[in-house]
Amino acid sequence: MTAENQKDKKVIFSGMQPSGNITLGNYLGALKNWTKLQDEYNCVFCIVDLHALTVRQDPAELRRRSREVLMLYIAAGLDPEKNIIYYQSHVGAHAELAWILNCYTYMGELNRMTQFKEKSQKHSENINAGLFTYPVLMAADILLYQANLVPVGNDQSQHLELCRDVAIRFNNLYGETFIVPEGYFPKVGARIMSLQDPTKKMSKSDENENSYITLLDSPDTILRKIKKAVTDSEAKIAYRDEQPGIKNLLNIYCSITEEPIEKVVERFSSLGYGELKAKVAEVVVEELRPIQERFYQLEKDKSYIDSIIKNNAERASRIAYKTLSKVQRKIGLPAKIR
Ligand code: ATP
Ligand code: LTN
């Protein structure tokens, strides 16, 4: 059964930017959860390459990373036949609907977006209009597929709220057109922090490579980065806000093993920090090993990946253009003559 022919199932839409190497944070906070949703829902997982353009990208790197993200989605366990896995730029309807929705979104609404404020501070030399209208393109992504649920980290809740407001506004003006989506947020523990500054989230665009683990880091690199992780001088293994480094290591461990935190804290209570780090590195290495093996296998099969890219863009287009045509008709754009 594929996403198109399971009419009774709810639709899930989510995406990741190919703006860096996918990190353990992206995996534990998003990708790993997506793999658990694929049986229960009709899922559409996008590689949002147009969103990545809001920050200057090296063209060859962007192309390479976009393919890498697509292969990592599959290697992490997303089935490209059951789910729709595709590049945003391969479905023109995203940019077309985004233009239309721009005309139904207010400057005041976009001005309030905290991600825009943060990213314009970080990239003060390139505050482009795309960065400002980023949430409108995200709304178009979601609304095109009539998604019921959008699994994202808490950092995206403001964007999702805007998407809902625009959908409701449009429906009020033109009658029921879009499903108004709900956010689907992970548990708090799934927020993975930087290994170098555990008060900041682990981010794939961090300048310091030691702050994150990527899904393709070798076992030696993983061990080295975890050994270097910033902790504290309490010399006590406890799960509390005053020890953010240790808390983060425990979160990583428990997100992988899916054990309750209290049980693990009890078991590890007599260990030193070095020993805790070795345990954490071990579960990370073992979690990533099969993903890496599948990734390197997939990488060799160019024609298989190419066929996934082509077929899935076609499947996505069929759904997206159906919604776009409906929107065009409702707002009074002239019908195409066939
Ligand atoms: P960038 O550094 O380019 O802003 P990012 O690493 O924050 O990127 P996104 O592509 O914006 O990642 O997000 C992809 C998904 O991963 C989103 O659902 C986001 O909420 C989730 N995510 C990102 N970072 C973390 C983290 N440290 N812990 C848990 N989930 C995360
Ligand atoms: N803005 C999101 C990525 C993203 C997305 C989407 C997520 C773009 N379009 C649609 C869910 C649904 C991010 O930065 N995590």
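As shown above, the structure is provided for reference.
Residues numbered from 1 in each chain as written. Chains lettered and ligands numbered in written order. Predicted model: local features only at pLDDT ≥ 70, side-chain atom pairs only at ≥ 80, totals over all residues. Heavy atoms only, no water.

Visitor: Could you give me a rundown of the packing of aromatic side chains, with the residues and numbers involved?
Guide: Following the criterion strictly, the structure yields twelve aromatic pairs and no others. With centroids separated by 6.0 Å and ring planes inclined at 75°, the aromatic side chains of Tyr-104 and Tyr-174 adopt a geometry described as edge-to-face. Here Tyr-104, found in the loop between helix 4 (93-102) and helix 5 (107-111), pairs with Tyr-174, found in helix 8 (residues 157-174); they are 70 residues apart in sequence, far enough to count as distant. Residue classification places Tyr-104 among the buried positions, given a relative accessible area of 16%. Chaining the aromatic ring pairs together yields one cluster made of Tyr-104, Phe-170, Tyr-174 and Phe-178. One Lys or Arg, Lys-247, reaches over the ring of Tyr-239 and ends 5.3 Å from the middle of that ring. (Phe/Tyr/Trp six-rings, centres within 6.5 Å; stacked < 30°, edge-to-face > 60°. Helix = DSSP H or I, 4+ residues; strand = E, 2+ residues; numbered from the N terminus. Buried < 20%, exposed > 50% of the residue type's maximum accessible area, 1.4 Å probe, protein only. Lys NZ or Arg CZ within 6 Å of the ring centre and 35° of its normal.)

Visitor: Can you break down unusual backbone geometry residue by residue, with the values?
Guide: The backbone of Ala-235 shows a phi angle near 55°, a positive value even though the residue is not glycine. By secondary structure assignment, the location of Ala-235 is in the loop between helix 9 (219-227) and helix 10 (244-257). The backbone of Glu-258 sits at a positive phi, close to 60°, despite the residue not being glycine. Along the chain, the position of Glu-258 falls in the loop between helix 10 and helix 11 (261-268).

Visitor: Lay out the environment of Thr-199 in plain terms, naming residues and giving numbers.
Guide: Secondary-structure assignment places Thr-199 in the loop between strand 5 (182-184) and helix 9. Take Thr-199: its relative accessible area is 61%, and that puts it in the exposed class. Polar side-chain contacts of Thr-199 include one of 2.6 Å to the side chain of Asp-197. (Polar contact = N/O pair within 3.5 Å; in protein donor to acceptor, adjacent residues only side chain to side chain.)

Visitor: Run through the site of ligand 2, naming residues and quoting values.
Guide: If you check the shell around ligand 2, you find 13 residues, and the closest are His-51, Tyr-134, Met-138, Asp-141 and Gln-156. The contact in question runs from a nitrogen atom of ligand 2 to an N or O atom on the side chain of Tyr-134, over 2.7 Å. Residue Gln-156 places a side-chain N or O atom 3.0 Å away from a nitrogen atom belonging to ligand 2. Elements supplying a minimum of two residues to the shell around ligand 2: strand 1 (11-16) and helix 7 (129-144). Per element, the largest residue contribution to the shell around ligand 2 is four residues, and it comes from helix 7. Here the shell around ligand 2 is built from residues that sort into seven nonpolar, five polar and one charged. (Near = heavy atom within 4 Å. Nonpolar A, V, L, I, M, F, W, Y, C, P; charged D, E, K, R; others polar.)

Visitor: Give a detailed account of the pairing of strand 2 (residues 42-47), specifying residues and quantitative values.
Guide: Most of strand 2 is tucked away: six of the six residues are buried. The side-chain alternation of strand 2 yields two buried faces, one formed by Asn-42, Val-44 and Cys-46 and the other by Cys-43, Phe-45 and Ile-47. Each parallel crossover has a hand, and the one from strand 1 via helix 1 (residues 24-37) to strand 2 is right-handed. In the sheet, strand 2 pairs with strand 3 (residues 84-87) via four bridges, with the strands oriented parallel. Its bridge partner lying in strand 3, Phe-45 is registered against Ile-85. (Right-handed = clockwise from strand over helix to strand, strands pointing away. Pairing = 2+ DSSP bridges.)

Visitor: Kindly report on helix 11, identifying the contributing residues and their values.
Guide: Listing the buried residues of helix 11 in full gives Ile-261, Val-264, Val-265 and Phe-268. Looking straight down helix 11, one finds its buried side chains confined to an arc of 100°; they lie on one side. For helix 11, exposure combined with an orientation more than 90 degrees from the buried face picks out Glu-262 and Glu-266. Elements in contact with the buried residues of helix 11: helix 10 and helix 12 (273-300). (Arc of directions from axis to C-beta. Contact = heavy atoms within 4.5 Å.)

Visitor: Please provide a residue-by-residue account of empty space enclosed by the protein, values included.
Guide: For the structure on display, the rule yields one cavity of 30 Å³ or more. What the largest cavity holds in volume is close to 50 Å³. Looking at the largest cavity, the residues that line it are Met-113, Gln-115, Phe-116, Lys-119, Leu-131, Tyr-134, Pro-135 and His-159. If you list the elements that add at least two residues to the lining of the largest cavity, you get helix 6 (114-122) and helix 7. Across the lining of the largest cavity, the residue classes tally to five nonpolar, two polar and one charged. (1 Å grid on protein atoms, 1.4 Å probe; cavity = no way out; pocket = protein on both sides within 12 Å on 5 of 7 lines; lining within 4 Å. Points joined across faces, edges and corners; volume = space filled by probe spheres on them.)

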